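Read off the chains here:
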Amino acid sequence: MFKKFVASKKKDLQERRHEIKKQLESIAEKSTRVKNDYEARFPEYGRAEDENADEVANFVDSLSLENNLENALAEVEAALKKIAKNEYGICEDCGKEMSKKRLEALPTAQYCIDCKDKNHGSV
Ligand SMILES: [Zn+2]
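Quantities reported herein were computed from a predicted structural model and do not represent experimental measurements.

Visitor: Is there a simple way to think about the overall build of the protein chain in this case?
Guide: In terms of regular secondary structure, the protein chain is built from 4 helices and 2 strands. When the helices and strands of the protein chain are placed in sequence order, the string is α-β-β-α-α-α. Considered along the principal axes of its C-alpha atoms, the protein chain spans approximately 60 × 30 × 25 Å. Long-range pairs, those at least 24 residues apart, make up 45% of the contacts in the protein chain with a sequence separation of at least 6.

The following block contains the structure:
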């Protein structure tokens, strides 16, 4: 299939992976047990009560950001795996090739527009 297009998506995805990892490393510790798993760092501003409250609030923010980033990273990794297997752009549901337009808009798309609308709501 569209080789050049896939090559450019691959580059985009690798850059995206790099960005996500950088962001993750700024808020979280890399887990030593699980690959590509991160654990949000608990911030330490000080011992005063308002400082503690800030710490908790920021930690909660970090946790949800960390979750989002981890999910994004998993999607990027899955897309890169598909490129390696020459399966990039193939709908995981109906097995048809997705349109370039779909992949431009969402390089990590798992399903074609039709299947997405039919079965998968937000994916
Ligand atoms: Zn489909």
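Visitor: What am I meant to see in unusual backbone geometry here?
Guide: Peptide bonds are trans in most cases, and residues, glycine excluded, mostly fall at negative phi. A positive phi angle, near 60°, is found at Asn86, a position not held by glycine. Among the secondary structure elements, Asn86 is positioned in the loop between helix H2 (49-84) and helix H3 (100-105).

Visitor: What am I meant to see in the domain arrangement of the protein chain here?
Guide: It is common to report an interface's size as the accessible area lost on association of the parts. Here the domain parsing of the protein chain yields domain 1 (3-88) and domain 2 (89-123). One C-alpha centre belongs to domain 1, the other to domain 2, and the line joining them spans 23 Å. Breaking the side of domain 1 that touches domain 2 down by element, the ones donating at least two residues are helix H1 (3-27) and H2. Tallying contributions element by element places H1 first for the side of domain 1 that touches domain 2, with 5 residues. Looking at the side of domain 1 that touches domain 2, its residues break down into 7 nonpolar, no polar and 4 charged.

Visitor: Please clarify how the nonpolar core should be interpreted in this entry.
Guide: Generally speaking, nonpolar side chains in soluble globular proteins are found buried as a group. With 9 residues, the main nonpolar core is built from Leu13, Ile20, Leu24, Tyr38, Leu69, Leu73, Val76, Ala79 and Tyr88. At the level of elements, H1 and H2 are the ones that each hand at least two residues to this core. Here this core takes 4 residues from H2, the largest share from any one element. With residues near it in sequence (within four places) discarded, Ile20 still touches Leu69, Ala72, Leu73 and Val76. Judged by nonpolar contacts, the second largest core, of 5 residues, contains Met98, Ala109, Tyr111 and Cys112.

Visitor: What is the right way to read H2 from this model?
Guide: Side chains three or four residues apart in an α-helix point the same way, a direct result of the helix having 3.6 residues per turn. Between its first and last C-alpha, H2 extends 52 Å over 36 residues, near the 52 Å set by a 1.5 Å rise per residue. Those residues of H2 not exposed but buried are Ser62, Glu66, Leu69, Leu73, Glu75, Val76 and Ala79. Buried positions along H2 lie against H1, strand S1 (28-30) and strand S2 (38-40). Within two residues after H2, Asn86 carries a phi angle of roughly 60°, on the positive side.

Visitor: I would appreciate a short explanation of the packing of H1 against H2 in the present structure.
Guide: For any two helices packed against each other, the geometry is given by the interaxial angle and the distance between the axes. For the pair H1 and H2, the least separation of the axes is 9 Å and the interaxial angle reads 155°. Classified by the angle their axes make, H1 and H2 are roughly antiparallel. Considering the relative orientation of H1 and H2, their crossing is left-handed. Contacts between H1 and H2 involve Val6, Lys10, Leu13, Arg16, Arg17, Ile20, Gln23, Leu24 and Ile27 from the former and Ser62, Leu65, Glu66, Leu69, Ala72, Leu73, Val76, Ala79, Leu80 and Ile83 from the latter.

Visitor: Sorry if this is basic, but what is going on with the environment of Lys11 here?
Guide: Turning to its location among the elements, Lys11 is positioned in helix H1. Here the alpha-carbon distance between Lys11 and Leu80, two residues 69 residues apart in the chain, equals 9.6 Å.

Calculation rules
- Residues numbered from 1 in each chain as written.
- Predicted model: local features only at pLDDT ≥ 70, side-chain atom pairs only at ≥ 80, totals over all residues.
- Helix = DSSP H or I, 4+ residues; strand = E, 2+ residues; numbered from the N terminus.
- Contact = placed C-beta atoms within 7 Å.
- Domains from an automatic or database assignment.
- Nonpolar A, V, L, I, M, F, W, Y, C, P; charged D, E, K, R; others polar.
- Core = buried A, V, L, I, M, F, W, Y, C linked by C-beta atoms within 7 Å.
- Buried ≥ 20, exposed ≤ 12 C-beta atoms within 10 Å, placed from the backbone.
- Expected span 1.5 Å × (residues − 1).
- Axes fitted to C-alpha atoms, helices over the stretch in contact; angles between N-to-C directions.
- Parallel < 35°, antiparallel > 145°, perpendicular 65-115°, else oblique.
- Left-handed = near helix turned anticlockwise from the far one by under 90°.

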